[in-house]
Every structure is written in structure tokens, then in C-alpha cells.
Amino acid sequence: MPTIRIILDTDPGADDALAILLMLASPEIQLEALTTVQGNVSLEKTTRNALALLEFLNARHIQVAKGCSTPLIKPPHGTQGEEVHGKSGLGQAVLPEPKNKPIEAHAVDYLIERFLAEPGELTLFAIGPLTNVALAIRKEPKFAQSVKELVIMGGAVRSGGNITPLAEFNIHEDPHAAHIVFNSGIPITLIPLDATYKCLLTSADVDRLNKIDSPIARLVHDVTADYMEFYLKYEGFNGCALHDPLTVAAVIAPELLTLEKHYVNVDISGGISTGKTYADFMKVAKQPTNMQVALDVKGREFVELFIERMERLAYQFNEEIASGKEQERPRNDINA
Ligand code: RIB
Ligand code: CA
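Below: a short report on this structure. (Residues numbered from 1 in each chain as written. Chains lettered and ligands numbered in written order. Predicted model: local features only at pLDDT ≥ 70, side-chain atom pairs only at ≥ 80, totals over all residues. Heavy atoms only, no water.)

1. As for the overall build of the chain
Put simply, the test is: Helix numbers and strand numbers start at the N terminus; a helix is a DSSP run of H or I with at least 4 residues, a strand a run of E with at least 2. We call a residue buried when its accessible area falls under 20% of the maximum for its residue type, exposed when it is over 50%, and partly exposed in between, using a 1.4 Å probe and counting protein chains only. In what follows, residue pairs with any heavy atoms lying within 4.5 Å of each other are defined as contacts. Under the convention used here, a 1.4 Å probe and the Shrake-Rupley method define accessible areas, while residue burial counts only the protein chains that appear. His is not counted, nor are the chain ends; Lys and Arg add positive charge and Asp and Glu add negative charge. Taken as the charge location is NZ of Lys, CZ of Arg, CG of Asp or CD of Glu.
Secondary structure summary: the chain contains 14 helices and 12 strands in total. Over its C-alpha atoms, taken along the principal directions, the chain stretches across nearly 60 × 45 × 40 Å. Here the chain holds 336 residues, and 60% of them are scored as buried. Taking the intrachain contacts of the chain between residues at least 6 apart in sequence as the baseline, contacts between residues at least 24 apart amount to 83%. Accessible area of the chain: about 13,400 Å², with a carbon and sulfur share of 54%. For the chain, the separation between the mean place of its 31 positive charges and that of its 44 negative charges on side chains is 2 Å.

Take a look at the structure:
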């Protein structure tokens, strides 16, 4: 199976961390770089978290480019995300301070450089607000045509919202960026709340994973601790939604997704429905389709796949430690 070469734009973020873990645990994927954006927490924290995760996972060779600290037009949401993702943005996980720094280039310039260097070869995943991607599209007219595919976690099409009754967080946080991206002509696969809320990782799943005595299992537990507390408090559910990890299914298990092609756009009118994503199901707008949207998923099968890949990564990580590779990796002081 050809390896899919991916650059990931991200705002880690508990579920972003799980998506990074899943990408690193998937032989179908070559994760080539991360670009960071303000979203769940500040840009400083999302960038620090990206570097810390990669170092912990012995993947410090993967470059990190720092991106935009505010949305294009609306002010950033502030610290709301910390209630969901914890003050650090990685829940209760305590990772060593990263030794690596982000590269000099701004994420927007890095994206332009990488995609124009190999047109049609690289896939972009965006699992935070779309600010960096929108600016790359606006700054370089050739950027959009150079992207092989753009997989986005975002939107609520038939589903209600999770940040307003109508809108999903990533799109609502920068609706103007989303409007630019949705109308750019890039081949888009959208993974909205309609599908991600059917992929619920339970605390029993995390306990099952932690039958393996491994820093990976503990990391999944600690990263999701605040996230699960939030779901229990507000949704009465003992678990959490695998929003960002589900984007990875577009590569490793597309058969689990129900994908439909539609014309989808986002409300930027500034009223109560700002950030709402809508699909022209009745084709009244007479517009060509601009993306494929995951309107359903075999949710439990995806969660089982996620756990299986985490179990595999946990055993692999333990073997690396046993074979003496841990000196390349800072000791994990989680539950040390
Ligand atoms: O609405 C869920 C999305 O918002 C996820 O990407 C989560 O990390 C937050 O960024
Ligand atoms: Ca995210």
C-alpha cells in the first residue's frame, strides 16, 4: 500500500495528541511535519505541546513550524479551551520541556514552500482552526493547486454545534479562514461532528489499554483525563469523542466512513449562525460540489481500530525502551 505523506496543521489539544499518536502508529502514513495554530489553547502552548509530544514519542526528526496566534478577523476565544483540554492543552499529561525549537520559517511560508516543492505529492490534514491554511491560499496563488488532498476535522452539517448551538469549534474559531478554504478548489474531505460524535472513546477502553504497562497507555489516559471530565460534566457520558483521530480514518480505514459529495459553505454573516457549515442537499444553490463530507461512520469499529493501534504502539514503545533506545527519549514522568 503506498504511504501517504502528510503535513499536519494542528492545535494540540487532547484529541490532536491522539491523532498524532494514531498517525505515528499507522504504517500507511508518513507524518512529515507539523504546523501549529492557536485554537484549543494559545499558540505558545500548542507549539510547545507539538514539540513535547514528538520528543516524547522519539519523533523529534519531524519538524514543527509555528503559525498564527489569532484568527483572521474575529478575536481568539480566550481560555475556554482549557476547560476541555486542561491548562497545558494536554490534560493531566506531564511531558518534559522539549529541547527542540520550532523551525525559523512561519507555518504559512513553510506550507507554501513544501507544497510548491512537490505539487500533488503531499496531503494536508487540518485539525484546528484554518487560519494558517487560509493565509497560504491567499499568499501563494499556486498553493491550492499543489495540495493533493486536504482532510479537515471541522464543521457540523446536520449535527448541532459544540461551541454554539449551530457551529463546531474549529470552524467557528476562524469562520473567515474556513470560507476561504472551502471555496479554494482544493480537494477537501470534511470530517464533521456528524461523524466524530459517533466515535466515543470510553473510560473502559482507556482502562483496557492500560492493562499494558507502557508510557503510551499512560499518555492516552493522562491526555484524556480533563477531556473525559468535561464530557461527564456537560454530556453525562463517561468518555470523549475522537474528533481529530477520526480524520486519520480517511487514510487507514475509509470504508468505515459514509462519504457524500456536496456543495458546503460556512456562514460568515456575523449573526447567531456565524461559523455554521451547511450543505446544499437540495442543490438549490446551483453550485458544483466542493468537497466530500463524512455524514456517518461505523463509530465503534473506528474506536476499536484506534485502541488496537494504541496497543500496538505501546508494545513497540516498550520494546524500544527495552532495547535501550530510551536514552534518545526523555523519561516519561507521567505516573513515574
Ligand atoms: O470541535 C472539535 C475540534 O475542536 C477538535 O479539533 C478539537 O481539538 C478542537 O480543536
Ligand atoms: Ca484540534
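2. Observations regarding the pattern of salt bridges
Test applied: Salt bridges are defined as contacts in which a side-chain nitrogen from Lys or Arg sits within 4 Å of a carboxyl oxygen from Asp or Glu.
Counting across every chain of the model gives 17 salt bridges. One salt bridge in this structure joins glutamate 82 and lysine 45, with 3.0 Å as the shortest N-O distance. Taken together, the positions of glutamate 82 in helix α3 (residues 81–85) and lysine 45 in helix α2 (residues 43–56) put the pair 37 residues apart, joining distant regions of the chain. Residue glutamate 82 is classed as buried on the basis of its relative accessible area of 18%. A salt bridge links aspartate 109 to lysine 139, with the nearest nitrogen and oxygen atoms 2.5 Å apart. In this pair, aspartate 109 sits in helix α4 (residues 107–117) while lysine 139 sits in helix α5 (residues 131–139), placing the two residues 30 residues apart along the sequence. Among the residues examined, aspartate 109 registers a relative accessible area of 32% and is labelled partly exposed.

3. Comments concerning the nonpolar core
Keep this limit in mind: Within this scheme, the nonpolar core is defined by two criteria: the residues are buried Ala, Val, Leu, Ile, Met, Phe, Trp, Tyr or Cys, and they are joined through side-chain atoms within 4.5 Å.
Residues Leu21, Leu34, Leu201, Leu219 and Leu246 are the most contacted members of the largest nonpolar core, which totals 73 residues. Looking at which element gives the most residues to this core, the answer is helix α14 (residues 299–322), with 9 residues. Discounting chain neighbours no more than four positions away, the residues touching leucine 21 are Leu57, Ile216, Leu219, Val220, Met310 and Leu313. Counting 39 residues, the second-largest nonpolar core is a separate cluster that includes Ala65, Val108, Ile152 and Val181.

4. Observations concerning the state of the cysteines
Condition: In this description, a disulfide is simply a cysteine sulfur pair whose atoms lie within 2.5 Å.
Considering all chains together, one arrives at 0 disulfides under this definition. Cysteine 199 takes part in no disulfide bond, and the closest cysteine sulfur, belonging to cysteine 240, lies 11 Å away. Given the relative accessible area of 0%, cysteine 199 is considered buried.

5. What about the layout of surface pockets?
If you roll a probe as big as a water molecule over the atoms, it shows you where there is empty space left. Stated precisely, the cut-off is as follows: Put simply, the grid is 1 Å and covers the protein atoms alone, a cavity is a trapped set of points that fit a 1.4 Å probe, a pocket is an open set with protein on both sides within 12 Å along at least five of seven lines, and lining residues have an atom within 4 Å of a point. Grid points are joined across faces, edges and corners, and a volume is the space filled by probe spheres set on the points. Polarity classes work like this: nonpolar for Ala, Val, Leu, Ile, Met, Phe, Trp, Tyr, Cys and Pro, charged for Asp, Glu, Lys and Arg, and polar for all others, with Gly in that last group.
Approximately 420 Å³ is the volume attributed to the largest pocket. As for the largest pocket, its lining consists of 23 residues, of which Val84, His85, Asn162, Ile163 and Phe169 are closest to the centre. If you list the elements that add at least two residues to the lining of the largest pocket, you get α1 (14–24), α3, α7 (169–173), α12 (225–235) and α13 (243–252). Of the residues belonging to the lining of the largest pocket, the class tally is 9 nonpolar, 7 polar and 7 charged. The volume enclosed by the second largest pocket comes to roughly 270 Å³. Around the second largest pocket, the lining comprises 17 residues; the ones closest to its centre are Leu24, Leu57, Asn58, Ala59 and Gln316. Looking at the lining of the second largest pocket element by element, the count peaks at 4 residues for α14. When grouped by side-chain class, the residues that make up the lining of the second largest pocket number 11 nonpolar, 4 polar and 2 charged.

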